[in-house]
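Residue-level structure breakdown
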There are 2 protein chains.
Amino acid sequence: MAVTFEVIHKDIAGRVGKLKAGEKQIKTPALLPVVNPHLQIIPPADMKKMGVEGIITNAYIFSKSEEFRNQALERGLHDVLNFDGLIMTDSGSFQMSVYGSVDITNEETLSFQRDIGSDIWVPLDIPTHPDTPREEVIEQMEITMARMKEAKEIFGDDAPISGPVQGAVFEDLRESAGRRVSEMGFTYCPVGAVVPLMESYRYRELVDVIIAAKKGLSAGACVHLFGAGHPSMFALAAACGCDVFDSAAYALYAKDGRYITTSGTLKLDEMSELPCACPICRSHTVEELKKSPEKQKLLAMHNLSVTMAEISRVRAAIQDGTLFELVDERCRAHPKLLDGYRRLLERMGEIELHDRASKRRFFYRGSESCKRPEVTNYHKMVSRITLSPEVLISAGGPVPSRFKEVIEFKPPFGALPYELAETFPAGQAEIPSWDEDMVNCGIRGLKLLFETNPDTKVTISTTEKWKDIFTREFPGFEVFT
Amino acid sequence: MAVTFEVIHKDIAGRVGKLKAGEKQIKTPALLPVVNPHLQIIPPADMKKMGVEGIITNAYIFSKSEEFRNQALERGLHDVLNFDGLIMTDSGSFQMSVYGSVDITNEETLSFQRDIGSDIWVPLDIPTHPDTPREEVIEQMEITMARMKEAKEIFGDDAPISGPVQGAVFEDLRESAGRRVSEMGFTYCPVGAVVPLMESYRYRELVDVIIAAKKGLSAGACVHLFGAGHPSMFALAAACGCDVFDSAAYALYAKDGRYITTSGTLKLDEMSELPCACPICRSHTVEELKKSPEKQKLLAMHNLSVTMAEISRVRAAIQDGTLFELVDERCRAHPKLLDGYRRLLERMGEIELHDRASKRRFFYRGSESCKRPEVTNYHKMVSRITLSPEVLISAGGPVPSRFKEVIEFKPPFGALPYELAETFPAGQAEIPSWDEDMVNCGIRGLKLLFETNPDTKVTISTTEKWKDIFTREFPGFEVFT
């Protein structure tokens, strides 16, 4: 019965994994579409045909529904929703965050989730709003902790109960919450109450919150980012270490006439084209879609198709070792996402133990690429090399035969000795024509190397364009063109 | 019968337009899939259901085919291919570029294209390889020009004949070829023989070649980039002013087991996921696709779906005024595309007369955004403002009430006076937390403003993080935090 998680591939702090809950198994990163039993705009059986392996529904809605409560208790959730994949249930915490309170206890909701046959249960945690004062956050966190402890005591260690990590925007609280949840033995850990951050584009803080929670959680925990959401941020969140997402956006946005893309959301009414490869967009003109009596359903299907496709793309990128490329691509779609991406780069030192050592390739995508850990680690690694008494650094200029040791300058890495020419990252890096940020970064790498080889006589051969910068940065060396 | 082209929306040098050839009309930018009558992997009628409005086929293949020659002459091309949209025909020039020569004359191929009912004909131009020596390029260009002149003389001014622009990588030759083609009255103008540039990722030169041809061509010419190709470069080519693309890639790549994405091509055998929203990818697992007896056809359908979706996206971006965002997104997919994008930014001064003055928004996407013409033009425009004798530049620091004129510093633009706060671009720019490139660019804008207001006393209020840079750049002004 217990929830288990197996990591298969890693990239940055992202993972491709297998999540098992009882008999059910899904690939991660995964997106669980939110299903409201009262409004099944896309029936779960149709979702399955679109590649959906798991869904999430709300046990609180079931428990309060005259129509569905007894059906679910008698026939079980999977039969009522006609979905044989993984079904996770939320407890009513979401309703609590919207309405302030719910008339159900922690034990009641968990018993109900068990009785309707849910595969992953959520205790009645308190979703503390990000802007709550610290004292109140601590108070609410303690209630959540007590309820998780109670859940373990009543339902046992093997019950498929998730352990939510709260703490608002206080990093120390998120970290300690993560640590305590892992210590209690929870393996499936939602990071909660981040929707207000995402709604107001506070991606920089979102990155901080996830990294803090991850620092506390055990490395083997499966991390669910509750209420996320929009495909433009899956890559970033996965890079921070999130494994599962859930989303009602496909349906809510469709209700509003909004069309999801991986780089943002458009209003159907303002659109002149359907810029997507999904079956809906390739078989309708934009005018047909606007006028269709089934507009809402068709939009929901489009929205879910692009969302599922993006989850596949995130998994593929992790397996390939190209997740940084995807994060870079997605995060430039909005300046606030770019802030989140840059924050991730700033904090790589804290999470790079999760990263893999070798990847498919290194593509330079702009000055942000200079801050990738592959570059900073290369700088440190190369500085351990012992140079001959005399070397020529070949930075684009001529290479006279009188130099016995010639080392290529490859920005943003710095020195690329012949022996490393076929290795990741510098040897497998594809770069555009040099830019200033890249050259300055490479020079930082060179300086580290020369510091550890203070007796080496260095000459630098470069082009007119870069001569000034080398001369300025290395006043003691001969620089020629 | 004549080919006409109407421009409806503009962005950078890209256009959304209507191309009419006889009775047929298509939206541009358009992608004409290449159809080989012998190998109709996706029947043209099925393409139409995917949103294809026009196709291109090869008149030379028809003319040499025992099976198709007479059919086409008797029933017409549209009936034989079962496609009632626009059909353009190539002349045999492609075969010439591959095999060196063809046994057909210019007049013969044009007559044949007319007789089979093609909507746009191509004369027998000589596709000169980019690396051909200059003398030979000129020689071949003169032959092409003579054939176009001959075509006009024999078939008249109203015949739907296209006027190819050759000239290899010599910009002056491409420009003069463009000018002569427009002077002869051709309105549909393919830029030819660029496939070798694209095959070897020479996107920087490709940008140069297109810009050179555009400089010669009349602004009203519809520009077809012959043999382009891959959806990763449509946005860049459209931004340079290309209106029509043609592609056999969907089919050729499928034959090779290659899977097209907007950020590159993957080998199906190495894939673990199908990261796409198209009907094929959402209804198959990667294993099912690998093992399907219809693999080639299914892959071709996927490839064509993403290609057509990208064309829609380019059109939508032009209409929205967000083409720079799309170019930025696509061109970071490969460092050599990034080179092409940076080249476009370098050369914007030459083509910005085609750009629109106001756009939906300005999203900062990295330091490349500092080089957008909206920024450099804003610098020039703002320097025309007359300042009061004393102003405070508010660059993130406190704003004491003693200053009567306070002007916001908004990088990368520079000064954002209150009166411009709601206008494009600076007022409608969304930027992330400031970075150094952005602040330096904004300071360049400030300097231009202060140069035209030499008697104004300037004080700058900023934060600790940026104090040093303002102090260094404005040694004569008071800078406080």
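Refer to the structure presented above.
Here is a short report on the structure shown in this document. (Residues numbered from 1 in each chain as written. Chains lettered and ligands numbered in written order. Predicted model: local features only at pLDDT ≥ 70, side-chain atom pairs only at ≥ 80, totals over all residues. Heavy atoms only, no water.)

**A look at the pairing of strand 6 (residues 86-90) of chain A**
All names here are of chain A. Across the five residues that make up strand 6, a large majority, five, are buried. A two-sided burial pattern is seen for strand 6, the buried positions comprising Leu86, Met88 and Asp90 on one face and Ile87 and Thr89 on the other. Across five bridges, strand 5 (residues 54-58) lies against strand 6 in parallel orientation. Following the sheet pairing, Ile55 is matched in strand 6 by Ile87. (Buried < 20%, exposed > 50% of the residue type's maximum accessible area, 1.4 Å probe, protein only. Helix = DSSP H or I, 4+ residues; strand = E, 2+ residues; numbered from the N terminus. Pairing = 2+ DSSP bridges.)

**Details of the environment of Val102 of chain A**
Residues and elements named next belong to chain A. Inspection of the secondary structure puts Val102 in the loop between helix 5 (93-99) and helix 6 (106-115). Sequence separation between Val102 and Gly92 is 10 residues, and the spatial gap between their C-alpha atoms is 6.9 Å. Residue contacts for Val102: discarding those within four places in its chain leaves Tyr60, Gly92, Gln95, Met96 and Leu124. (Contact = heavy atoms within 4.5 Å.)

**Thoughts on the packing of helix 16 (residues 323-331) of chain A against helix 17 (residues 335-346) of chain A**
All names here are of chain A. The contact between helix 16 and helix 17 brings their axes to 8 Å, and the two run at 150°. In terms of their interaxial angle, helix 16 and helix 17 are classed as roughly antiparallel. Mapping the contact onto sequence places Phe324, Val327, Asp328, Arg330 and Cys331 in helix 16 and Leu337, Leu338, Tyr341 and Leu345 in helix 17. Residues of the contact of helix 16 with helix 17, tallied by class, amount to seven nonpolar, no polar and two charged. (Axes fitted to C-alpha atoms, helices over the stretch in contact; angles between N-to-C directions. Parallel < 35°, antiparallel > 145°, perpendicular 65-115°, else oblique. Nonpolar A, V, L, I, M, F, W, Y, C, P; charged D, E, K, R; others polar.)

**Things to note about the sheet that holds strand 3 (residues 24-28) of chain B**
Residues and elements named next belong to chain B. A sheet is described by the order of its strands in space; here three strands give the open sequence 1-2-3, paired in antiparallel fashion. Across the chains shown, the open sheet's two edge strands, defined by having one partner strand only, are strand 1 (3-11) and strand 3. Adjacent strand axes in the sheet meet at a mean angle of 15° when their direction is disregarded. Inspection of the sheet shows strand 2 (residues 14-21) paired to strand 3 by five bridges, in the antiparallel sense. Considered in strand 3, the bridge of Leu19 is made with Ile26.

**As for the pattern of salt bridges**
Following the criterion strictly, the structure yields 85 salt bridges over all chains and no others. Among the ionic pairs, Asp208 of chain B bridges to Arg343 of chain B, the shortest N-O distance being 2.7 Å. Of the two residues, Asp208 of chain B is situated in helix 10 (residues 203-216) and Arg343 of chain B in helix 17 (residues 335-346); the sequence distance between them amounts to 135 residues. One network of salt bridges, with partners in common, ties together Glu171, Arg204, Asp208, Lys215, Asp339, Arg343, Glu346, Arg347 and Glu350 of chain A. (Salt bridge = Lys/Arg side-chain N within 4 Å of Asp/Glu carboxyl O.)

**So, the environment of Ala213 of chain B**
Residue and element names in this part refer to chain B. With respect to the helices, strands and loops of the structure, Ala213 is situated in helix 10. Given a relative accessible area of 0%, Ala213 falls into the buried group. Among all residues touching Ala213, those that are not within four sequence positions of it are Val165, Arg174, Gly178 and Val191.

**Here we look at the relation of the copies chain B and chain A**
For the match of chain B to chain A, the screw axis carries a shift of 0.0 Å, the RMSD comes to 0.0 Å, and the turn is 180°. Read as a symmetry element, the transformation amounts to a two-fold axis. Residue Cys278 of chain B, judged by its C-alpha, is the member of chain B lying nearest the rotation axis, at 2.0 Å. Both copies contact each other with a shared surface, as 100% of the interface residues of chain B are interface residues in chain A too. (Least-squares fit on C-alpha atoms with pLDDT ≥ 70 in both.)

**Quick look at the sheet that holds strand 17 (residues 457-462) of chain A**
Residue and element names in this part refer to chain A. Read from one edge to the other, the open sheet built from five strands follows the order 15-14-13-17-18, with strand pairing classed as mixed. Each edge of the open sheet carries a strand with a single partner, namely strand 15 (414-416) and strand 18 (478-480). The mean inter-strand angle of the sheet, taken between neighbouring strand axes irrespective of direction, is 30°. With three bridges joining them, strand 14 (residues 405-410) and strand 15 adopt antiparallel strand pairing. Bridged to Phe409 within strand 15 is Ala415. Running at roughly 150° to strand 17, helix 21 (residues 464-473) makes contact with strand 13 (390-395), strand 14, strand 17 and strand 18 of the sheet.

**Let's talk about the pairing of strand 1 (residues 3-11) of chain A**
It is a general feature of regular strands that their side chains alternate between the two faces of the sheet. All names here are of chain A. Of the pairings in the sheet, the one linking strand 1 to strand 2 (residues 14-21) comprises eight bridges and is antiparallel in character. Counterpart to Glu6 in the pairing with strand 2 is Lys18. Following strand 1, the chain reverses through two residues before pairing antiparallel with strand 2; Ile12 in that reversal takes a positive phi of roughly 50°.

All we've got here are geometric facts, nothing functional implied.
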